[in-house]
Amino acid sequence: MKKEYYFDNAATTKVEERVAKTIQKYFTEVYGNASSLHFKGQEAKRALEEARSIIAKAVNAKQNEIVFTGSGTEANNFALKGLFFSNYPEKNHIITTKIEHDCILNTCKWLEKQGAEITYLDVDEKGFIDLKELEKSITPKTFLVSVIHGNNEIGTIQDIEKIGKLCRKKGVLFHTDACQSFTKTNIDVKKMNIDLMTLNAHKIHGPKGVGALYIRSGIKITPLLHGGGHEFKLRSSTENIPGIVGFAKVVQIASKKDIKKMKKLRDYIIERILSEIENVKLNGAEGDSRLCNNINLCFHNIEGEAIGSFLNSKKIFISTGSACSSHSLEPSHVLLALGLSPLEANSSIRITISKYTTKEDADYLIKELKKTVTYLRKISPF
Ligand SMILES: Cc1ncc(COP(=O)(O)O)c(C=O)c1O
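Residues numbered from 1 in each chain as written. Predicted model: local features only at pLDDT ≥ 70, side-chain atom pairs only at ≥ 80, totals over all residues. Heavy atoms only, no water.

Student: How should I be thinking about the site of the ligand in this particular structure?
Tutor: Taken together, 15 residues lie near the ligand, and Thr73, Asp177, Gln180, Asn200 and Lys203 sit nearest. Contacts to the ligand include glycine 72, whose backbone N or O atom sits 2.8 Å from an oxygen atom. Contact distances for the ligand include 2.7 Å between an oxygen atom and a side-chain N or O atom of lysine 203. Surface burial for the ligand is 90%, taken as the share of its 390 Å² of free accessible area covered by protein chains. Here the shell around the ligand gets three residues from one element, more than from any other, and that element is helix α3 (residues 72-87). Taken together, the residues of the shell around the ligand sort by class into four nonpolar, nine polar and two charged. (Near = heavy atom within 4 Å. Polar contact = N/O pair within 3.5 Å; in protein donor to acceptor, adjacent residues only side chain to side chain. Areas by Shrake-Rupley, 256 points an atom, 1.4 Å probe, with all protein chains shown as cover. Helix = DSSP H or I, 4+ residues; strand = E, 2+ residues; numbered from the N terminus. Nonpolar A, V, L, I, M, F, W, Y, C, P; charged D, E, K, R; others polar.)

Quick look at the structure:
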């Protein structure tokens, strides 16, 4: 089989072998329902609580502040809708940004139909929100500020510590979607004044279909799913023990060494592409303000889709925009928010590496990318 070159790790990642091995027995041996009182149930319950404790510790939360969900999408829906229903009609205003993941933006659009008012903050050309604009947007009706931590398309990392501090001072709740930044940056919910935070497993070499919402103790939130009262009566449904155990295992495995390695390779790829291919621009922030695995580039006068399909034929897998919206031909809302024209947005591609990506993989990508760009520019009508 021809080697595959996977550069779409912001869409999803390969499950770490040690995780796949660890969770096997939770399908076939430790398969009890964590709510059952007999031994089989209680051994599953122990695994569930141990996993909760590992994830809580990783972000400096308390064990009972972590609620497992079926995905990052569900956790984001739960945070926004759950808080809306526990605050409406006294308060109905949410502040978010123009560069959120679709599962935040589409939840906000739905909430607008239920009576919510939403402010969508602008970002600058690197993707950062303006704290003064955020402060000015807070009104007596505001109950929530929701700002993505590490952006899934452009990799920009917001200063959530400053945002958290401001929200606490103003008495509004602060939620952050940390699906892309979890284990790739330091997160301390107490130090950063985070009230709610969305996490998931499949972006960090864990299984798909498992996420978590950190909810600071004492916050009133209406559940999305009603049923048997699982997860502190906040998220009914029999817990996905293999997924949850896998989530915790991958959090334990994550290391600073891997972040350092990815950062180095990210910068190597960026530097080589910018210096060896003409008319290319990096979208998003630089250095430590950018996710260690994210590269987003605009190749002027070529369709990103065309680059993607040429590389695909060489078994090199990159993406244009976010995986969740790449079925649409609309230019990326994130790139438009940075100030790119629709043409520039459609000329952009996203390359996301992982701890498994090697320098040899990167060299092959760059070689094929150079050939592809040269060819496409030659036939381009622009
Ligand atoms: C920033 C961000 N939030 C939320 C999600 C949704 O997560 P999930 O695929 O677990 O529903 C994703 C994944 O695409 C993401 O990148």
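Student: Help me understand the side chain of histidine 93, please; the structure alone is not making it clear to me.
Tutor: Locating histidine 93 in the fold gives a position in strand β3 (residues 93-97). Polar contacts involving the side chain of histidine 93 include one to the side chain of threonine 142, which spans 2.7 Å.

Student: Looking at this structure, how should I read the packing of aromatic side chains?
Tutor: Geometrically, a pair of aromatic rings is defined through the distance of the ring centres and the angle of the planes. The final tally for this structure, using the stated rule, is seven aromatic pairs. Between the aromatic rings of phenylalanine 85 and tryptophan 110, the centroid separation amounts to 6.5 Å while the plane-to-plane angle is 70°, which identifies the pairing as edge-to-face. Linking phenylalanine 85 in helix α3 with tryptophan 110 in helix α4 (residues 102-113), this pair joins segments that are 25 residues apart in sequence. Residue tryptophan 110 is classed as partly exposed on the basis of its relative accessible area of 36%. (Phe/Tyr/Trp six-rings, centres within 6.5 Å; stacked < 30°, edge-to-face > 60°. Buried < 20%, exposed > 50% of the residue type's maximum accessible area, 1.4 Å probe, protein only.)

Student: Please explain the domain arrangement of the protein as it appears in this structure.
Tutor: Interface size is commonly expressed as the accessible surface area that is lost when the partners come together. Here the domain parsing of the protein yields domain 1 (5-13 + 255-379) and domain 2 (17-253). Taking only C-alpha atoms into account, the centre of domain 1 sits 27 Å from that of domain 2. Counting residues at the interface gives 34 residues for domain 1, matched by 33 residues for domain 2. Carbon and sulfur atoms make up 53% of the area that domain 1 and domain 2 hide from each other, which totals about 2700 Å². (Domains from an automatic or database assignment. Contact = heavy atoms within 4.5 Å. Buried area = accessible area lost by both parts, 1.4 Å probe.)

Student: So what exactly am I meant to see when it comes to the sheet that holds strand β9 (residues 280-282) here?
Tutor: Strand pairing within a sheet occurs via backbone hydrogen bonds; the two strands may be parallel or antiparallel. Strand order across the open sheet formed by three strands is β9-β10-β12, with antiparallel pairing between neighbours. Looking at strand neighbours, the two that pair on one side only are β9 and β12 (348-352), the edges of this open sheet. Pairwise comparison of adjacent strand axes, ignoring direction, gives a mean angle of 30° for this sheet. Note: β9 against strand β10 (residues 294-299), three bridges, orientation antiparallel. Opposite valine 280, over in β10, you have phenylalanine 299 as the bridge partner. (Pairing = 2+ DSSP bridges. Axes fitted to C-alpha atoms, helices over the stretch in contact; angles between N-to-C directions.)

Student: Can you help me understand the nonpolar core in this one?
Tutor: Soluble globular proteins tend to bury their nonpolar side chains together. By size, the foremost hydrophobic cluster in this structure holds 60 residues, and its most contacted members are Phe68, Val145, Ile194, Met197 and Phe247. Counting residues per element, the ones that place at least two in this core are α1 (17-28), α2 (39-58), β2 (66-69), α6 (160-170), β7 (196-200), β8 (211-215), α8 (241-253) and α11 (333-337). In terms of residue count, α8 provides more of this core than any other element does, eight residues in total. When residues of this core are sorted by domain, at least three fall in each of domain 1 (5-13 + 255-379) and domain 2 (17-253). Met262, Leu297, Ile349 and Leu365 belong to the second-largest nonpolar core, a separate cluster that totals 30 residues. (Core = buried A, V, L, I, M, F, W, Y, C linked by side-chain atoms within 4.5 Å.)

Student: So what exactly am I meant to see when it comes to empty space enclosed by the protein here?
Tutor: Take a probe with the size of a water molecule and roll it over the atoms, and the empty space left behind shows itself. Going through the model one piece at a time under the given rule, you end up with two cavities of 30 Å³ or more. What the largest cavity holds in volume is close to 190 Å³. Sort the elements by how many residues they give to the lining of the largest cavity and helix α9 (residues 256-276) lands first, with three residues. Of the residues in the lining of the largest cavity, the class split is seven nonpolar, seven polar and four charged. When we break the lining of the largest cavity down by domain, the ones giving at least three residues each are domain 1 (5-13 + 255-379) and domain 2 (17-253). (1 Å grid on protein atoms, 1.4 Å probe; cavity = no way out; pocket = protein on both sides within 12 Å on 5 of 7 lines; lining within 4 Å. Points joined across faces, edges and corners; volume = space filled by probe spheres on them.)

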